[in-house]
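What the coordinates show
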Amino acid sequence: MPRAMYPTLLVLCLLALSACTGTAPQPQPRPPMRTATIDVASEPATLNPVAGYAPDGAAQFYDGLLEHRVDGRAEPALATALPEPDATGTQLTVPIRKGVRFSDSSPLRPADVVATYRAVLDPVYRSPLRARYANLRAVDETGDGAVRFTLAHREPGFDRLLTLGIVPAAALREREPAERLPISTRPVGAGPFTAVDWQRGRSLTMRARADYWDDKPKLDKITVRFQPDERARLADLREHKADAARVTNSNRQSPVDGTSAVESLSAEYRAVTLPEDNPVTGDQSVREAMNRALDRSALVRDALGGVGEPASTPFTSAQPEYQDPSAHYEYAKGKAEQSLQQAGWTAKPGAVRAKHGTQARFTLRYPDGDPEAKTLAEGFAKDMRTVGIQVDPASGEPAEGEAALVARGDPFAPGIPDATAQAQTDPAQRAIAYRAADRAYFAKPDLVVLARMAHTYLVADRLRGYQPVLDPVRPQFTWGLYWNLPEWTT
């Protein structure tokens, strides 16, 4: 008998035996589904990249040509290599990865990349990202599986704009405002997850794609719950309804059993705006005096629980190579009082200063529901009172001419845009130009920068794989602690 027949006869015998004994082979049990739930403070307005969703990547449902890594570098994703510039630096060629499919099973083509970026530029789609790509003049296929980006002028940092999620051209066929397109609520992308259930105002459920072109996510299902109230987020963690959530820094000692606090530095800085058309905040002598009268170290200690860093200008330690060490305000209450007096803002001890009948008094608005903003505003007002400036903190949106406590900062760009610096192709020369911009701001400030913020997350001890990065101002479930969700596991 041929040796190859032995396995077949063995199988037939086993089947016959099971038939005689009345027992059938038992199906193998499925492994338990690996899931996680995260609470976030805000809900995205859209899930459409052209309408402004996740412009810095980590879009979960979409992949971009490039993706940011933990150190901020851009690496190929749907591209197979970094952009190749021509001799002028104004034409960048990007080869597109083959064999990738969108979540609707359609193949990724260079035409989809072209359609995505053309939609951003087309005013009909009303993309909020259009100004971001103001230097982009054209996007075209090259005919050999690549795409060419044509710029109006050389832009050394353009690579970071190629993290935008790519959308199938078919999803953009209807030329109307991007937020109205079906992909705004039912995303179709080449990312690691698909959105299976979006209950507006409550939650968004996403599942891992078995056919993802790169490594499949380690978690099978992730539920994102929208909880603007921190007390509700803490309750969800205590009741095991959530596995991760951002909390205020005062909770960094992890008051929830079974969780650990993860502290992540951010590019966010908090500042007080100083409207120019306000007779007090628009006065340059008052602006400079307020910057000197603020004890930033004490503010970080008392208002932020010591988590964060004092900051004098929008060029913070988030990008230390662009920060000029001399652009730094020392706490100098006496010098602030002297400069105010010399500028004509006079007062009796303990009274509010005045100049030509105008009191040195203004309202400072801070966002509703932001406890850190409230304590920062109150701490700022306390220091200003010591030099005769009356600041009245109040929650809500600022009216015309009112000062506001704002959150700003970009993990991938310096504190203040500077055309001279942005045009530099040599990183060393770019840093020199940005440090000059930092000194120029310091010489004539139009804000009172308070502090660089740190963010605190509570994460269930059963979760592994998360990796803190330089956070944006308001992390949702894209860039921030959740940037590498596909690598999380239990």
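All figures in this text were calculated on a predicted structure; none of them were measured in a lab. (Residues numbered from 1 in each chain as written. Predicted model: local features only at pLDDT ≥ 70, side-chain atom pairs only at ≥ 80, totals over all residues. Heavy atoms only, no water.)

1. A word on the nonpolar core
Note the threshold: Buried Ala, Val, Leu, Ile, Met, Phe, Trp, Tyr and Cys residues form a nonpolar core when they are joined through side-chain atoms within 4.5 Å. For every residue, the accessible area obtained with a 1.4 Å probe (protein chains only) is divided by the maximum for its type, and the residue is called buried under 20%, exposed over 50%, and partly exposed between those limits. By definition, any uninterrupted DSSP run of H or I lasting at least four residues is a helix, any uninterrupted run of E lasting at least two residues is a strand, and each is numbered from the N terminus.
If you look at the biggest cluster of nonpolar residues, it comprises 67 residues, and the most contacted ones within it are Leu65, Tyr117, Tyr133, Phe149 and Phe477. Looking at this core element by element, the count peaks at 7 residues for helix H2 (residues 110–121). Ranked by size, the runner-up nonpolar core spans 34 residues in total, among them Met290, Leu304, Ala336 and Trp345.

2. Considering the pairing of strand E9 (residues 203–208)
For clarity, the threshold we go by: In this scheme, strands are said to pair when DSSP sees at least two bridges between them.
Of all 6 residues making up E9, 5 are buried, and the element is well covered by its neighbours. Hairpin connection of strand E8 (residues 193–199) to E9: 3 residues between the antiparallel strands, including Gly201 at a positive phi of 80°. Two strands pair when backbone bridges link them, and E9 and strand E10 (residues 221–226) are joined in this way by 5 bridges, in the antiparallel orientation. Of the residues in E10, the one forming a bridge with Arg207 is Lys221.

3. Some words on the sheet that holds strand E7 (residues 146–151)
Taken in spatial order, the 4 strands of this open sheet run E4-E5-E7-E6, and their pairing is antiparallel. Of all the strands in the sheet, the pair left with one neighbour each is strand E4 (84–85) and strand E6 (136–141). Pairing between strand E5 (residues 91–95) and E7: 5 bridges, direction antiparallel. Across the sheet, Leu92 pairs through a bridge with Phe149, a residue of E7.

4. Description of the side chain of Thr313
What counts is decided by this rule: We define a polar contact as two N or O atoms separated by no more than 3.5 Å, with the added condition that, inside protein, one atom must be a possible hydrogen donor and the other a possible acceptor, whereas residues neighbouring each other in sequence contribute only through side-chain atom pairs. What makes two residues a contact is simply this: any of their non-hydrogen atoms within 4.5 Å.
One can find Thr313 in the loop between strand E13 (309–310) and helix H6 (333–342). Separated by 2.7 Å, the side chains of Thr313 and Asp438 make a polar contact. For Thr313, the contacting residues outside a window of four places in its chain are Ala327, Asp438, Tyr441, Phe442 and Val449.

5. Re the pattern of salt bridges
Short version of the rule: A pairing counts as a salt bridge when a side-chain nitrogen of Lys or Arg comes within 4 Å of a carboxyl oxygen of Asp or Glu.
A full pass over the atoms with the stated rule returns 27 salt bridges. Ionic pairing is found between Asp229 and Arg231, a salt bridge with its closest N-O pair at 3.1 Å. Given a relative accessible area of 64%, Arg231 falls into the exposed group.

6. Overview of the confidence of the model for the protein
Where we set the bar: Residue-level confidence of the predictor, termed pLDDT, takes values from 0 up to 100.
Summarising the model, the protein shows a mean pLDDT of 91, and 93% of its residues fall at 70 or more. Ignoring residues within four places in sequence, the model shows residues 1–22, a span with pLDDT below 50, making 3 contacts including any to other chains.

7. Focus: unusual backbone geometry
Of note in the backbone geometry, Ala58 takes a positive phi value of approximately 55° without being a glycine. Position of Ala58 relative to the elements: it lies in the loop between strand E1 (35–40) and strand E2 (66–68). Relative accessible area serves as the criterion here: at 24%, Ala58 is assigned to the partly exposed category.

8. Overview of a negative patch on the surface
Keep this limit in mind: Each patch is built from residues lacking any salt bridge and having more than 30% relative accessible area; the joining distance is 9 Å for like charges and 5 Å for nonpolar side chains (Val, Leu, Ile, Met, Phe, Trp, Tyr). Each accessible area is a Shrake-Rupley result for a 1.4 Å probe, and residues are judged covered by the shown protein chains and nothing else. Note on charges: Lys and Arg go in the positive column, Asp and Glu in the negative column, and His and the chain ends are not counted at all. To locate a charge, the coordinates of NZ of Lys, CZ of Arg, CG of Asp or CD of Glu are taken.
The grouping of Glu276, Asp277, Glu400 and Asp446 at the surface amounts to a negative patch. Secondary-structure assignment places Asp446 in the loop between helix H9 (427–443) and strand E19 (447–460). When its relative accessible area of 40% is taken as the criterion, Asp446 is described as partly exposed.

9. Thoughts on the environment of Arg207
Looking at the secondary structure, you find Arg207 in strand E9. In this structure the C-alpha to C-alpha distance between Arg207 and Pro76, which are 131 residues apart in sequence, comes to 24 Å. If sequence neighbours within four positions are ignored, Arg207 has contacts with Met33, Pro192, Phe193, Thr194, Val196, Asp220 and Lys221.

10. A look at the packing of helix H4 (residues 284–293) against H6
Just so we agree on the cut-off: Comment: axis = line fitted to C-alpha atoms, over the contacting stretch for helices; angle = value between 0 and 180 degrees taken between N-to-C directions. An angle counts as roughly parallel when it lies under 35 degrees, as roughly antiparallel when it exceeds 145, as roughly perpendicular when it falls between 65 and 115, and as oblique in every other case. The handedness criterion is simple: a crossing whose near helix is rotated anticlockwise from the far helix by less than a right angle is left-handed, and one whose near helix is rotated clockwise is right-handed. Under the convention adopted here, Pro, Cys and the residues Ala, Val, Leu, Ile, Met, Phe, Trp and Tyr are nonpolar, Asp, Glu, Lys and Arg are charged, and Gly plus all remaining residues are polar.
Where H4 contacts H6, the axes come no closer than 8 Å and their chain directions differ by 165°. In terms of orientation, H4 lies roughly antiparallel with respect to H6. Here H4 and H6 pass one another in a crossing that is left-handed. On H6, the residues touching Ser285, Val286, Ala289, Arg292 and Ala293 of H4 are Lys333, Lys335, Ala336, Ser339 and Leu340. A per-class count over the contact of H4 with H6 returns 5 nonpolar, 2 polar and 3 charged.

11. Observations regarding the pairing of E10
Where E1 meets E10, 6 bridges bridge the pair, whose relative direction is parallel. If you follow Val40 over to E10, its bridge partner there is Phe226.

12. Section: the side chain of Thr163
Following the sequence through the fold, Thr163 ends up in the loop between E7 and E8. With relative accessibility at 2%, the residue Thr163 sits in the buried group. In this structure the side chain of Thr163 is engaged in a polar contact, spanning 3.0 Å, whose partner is the backbone oxygen of Pro55. Side-chain polar atoms of Thr163 contact the backbone oxygen of Arg160, separated by 3.2 Å. Those residues in contact with Thr163 that sit more than four places away from it in its chain are Pro55, Asp56, Gly57, Gly64, Leu66, Glu67, His68 and Tyr117.

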